[in-house]
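So you can see what is in the structure, the chains are spelled out below.
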Amino acid sequence: MPLTLTLTLAYGMHNMAKRKAIIRKMLGVEALGSTTVICTDKTGTLTKNEITVEKIFAGDKIFAVSGIGYEPEGEFFVNKNKIDELKEKNLTLLLKAAAICNNAFLEERDGVWQVVGDPTEAALIVAAAKANLWKSDLENEYTRTEEIIFTSERKLMSTLHEKGKGRWVFTKGAPEIVLKKCRFIEKEDGIKELDGDEKAKILAINGGFASSAFR
């Protein structure tokens, strides 16, 4: 009986291997034989723990960004039409903020681009680099003088910078929290007051992204 059982399980492992399912323990075949749903921690198991910026909303436009992983190579599109991202003032400012209010680093090692830091922050740096807005250059332009770290209560990260005689604060965080602290919005035709309708529109677009599996 033990020999028969072992041969049966081994045969099951062999068949599952043909279907690209590798079983670490032979007895696992018995349980998997009747499994209909598998719940697993996907990060590092089914995915590479890499996040890529694919869509951006800025200045009443939704931009699509090509490229995957941490390679700082990609293009920007509006309605599937390639654009010159540096001519889009609101997009450029948003990418600068995303790269400056950020503690991750992007570097090339032996021809491979790698990041140090949080994957979400890394994705923002890569998106900016695709527009030729490199964090190292921006940090030379905007000297950081202070940082207020992200907390679960505040749900924001803010950094204070000096540029010439001016002072800048860049903030990123949960959209609904950021919007509560905003009184104005910059669009293509200038700075305007941020009213309730505009906030609702931004949150609706953010919700649309979320419902399409964007983080």
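Residues numbered from 1 in each chain as written. Predicted model: local features only at pLDDT ≥ 70, side-chain atom pairs only at ≥ 80, totals over all residues. Heavy atoms only, no water.

Novice: Describe in detail helix α1 (residues 2–18), supporting the description with residues and values.
Specialist: The end-to-end C-alpha distance of α1 is 25 Å, a good match for the 24 Å that 17 residues give at a rise of 1.5 Å each. Positive backbone phi, at 65°, marks Lys20, one or two positions downstream of α1. (Helix = DSSP H or I, 4+ residues; strand = E, 2+ residues; numbered from the N terminus. Expected span 1.5 Å × (residues − 1).)

Novice: Residues and numbers for the environment of Ile100, please.
Specialist: Structurally, Ile100 is set in helix α3 (residues 89–100). Along the sequence, Ile100 and Asn140 sit 40 residues apart, while their C-alpha atoms lie 10 Å from each other. Among residues more than four places away in sequence, those in contact with Ile100 are Leu138, Tyr142, Arg144, Thr159, His161 and Phe170. (Contact = heavy atoms within 4.5 Å.)

Novice: Lay out the pairing of strand β8 (residues 156–163) with the relevant residues and their values.
Specialist: Burial analysis of β8 places six of its eight residues in the buried class, the great majority of the element. Both strand β7 (residues 143–148) and β8 contribute to a ladder of five bridges, which runs antiparallel. Note that in β8 the partner of Glu147 across the bridge is Thr159. Inspection of the sheet shows β8 paired to strand β9 (residues 166–173) by eight bridges, in the antiparallel sense. Across the sheet, the residue bridging to His161 is Trp168, located in β9. Counted between consecutive antiparallel strands, the loop separating β8 from β9 contains two residues, among which Gly164 sits at a positive phi close to 65°. (Buried < 20%, exposed > 50% of the residue type's maximum accessible area, 1.4 Å probe, protein only. Pairing = 2+ DSSP bridges.)

Novice: Can you tell me about the nonpolar core, naming the residues and giving the values?
Specialist: Ile56, Phe63, Phe76, Leu91 and Leu95 are the most contacted members of the largest nonpolar core, which totals 23 residues. When residues of this core are traced back to their parent elements, those giving at least two are β1 (55–58), β2 (61–65), β3 (76–78), α3 and α4 (119–130). Contacts of Leu95, omitting those with residues within four sequence positions, involve Ile56, Phe76, Ala127, Ala128, Ala131 and Leu133. Counting residues in hydrophobic clusters, the runner-up holds seven residues, among them Tyr70, Ala104, Ile125 and Val126. (Core = buried A, V, L, I, M, F, W, Y, C linked by side-chain atoms within 4.5 Å.)

Novice: Before we move on, can you summarise the sheet that holds β1 with the specific residues and values?
Specialist: Strand order in the open sheet made by the four strands is β1-β2-β3-β4, with antiparallel pairing throughout. Across the chains shown, the open sheet's two edge strands, defined by having one partner strand only, are β1 and β4 (81–82). Strand direction decides the pairing type here: β3 and β4, joined by two bridges, are antiparallel. Note that in β4 the partner of Phe77 across the bridge is Lys82. Running at roughly 175° to β1, helix α7 (residues 196–211) makes contact with β1 and β2 of the sheet. (Axes fitted to C-alpha atoms, helices over the stretch in contact; angles between N-to-C directions.)

Novice: An account of the pattern of salt bridges is requested, with residue identities and associated values reported.
Specialist: By the definition in use, this model includes eleven salt bridges. Across the pair Asp60 and Lys187 runs a salt bridge, and its minimum N-O distance is 3.1 Å. Residue Asp60 is located in the loop between β1 and β2, and its partner Lys187 is located in strand β10 (residues 184–187); the two are separated by 127 residues in the primary sequence. Residue classification places Asp60 among the partly exposed residues on the basis of a relative accessible area of 39%. Judged by its relative accessible area of 13%, Lys187 falls in the buried class. (Salt bridge = Lys/Arg side-chain N within 4 Å of Asp/Glu carboxyl O.)

Geometric values such as these leave the question of function open.
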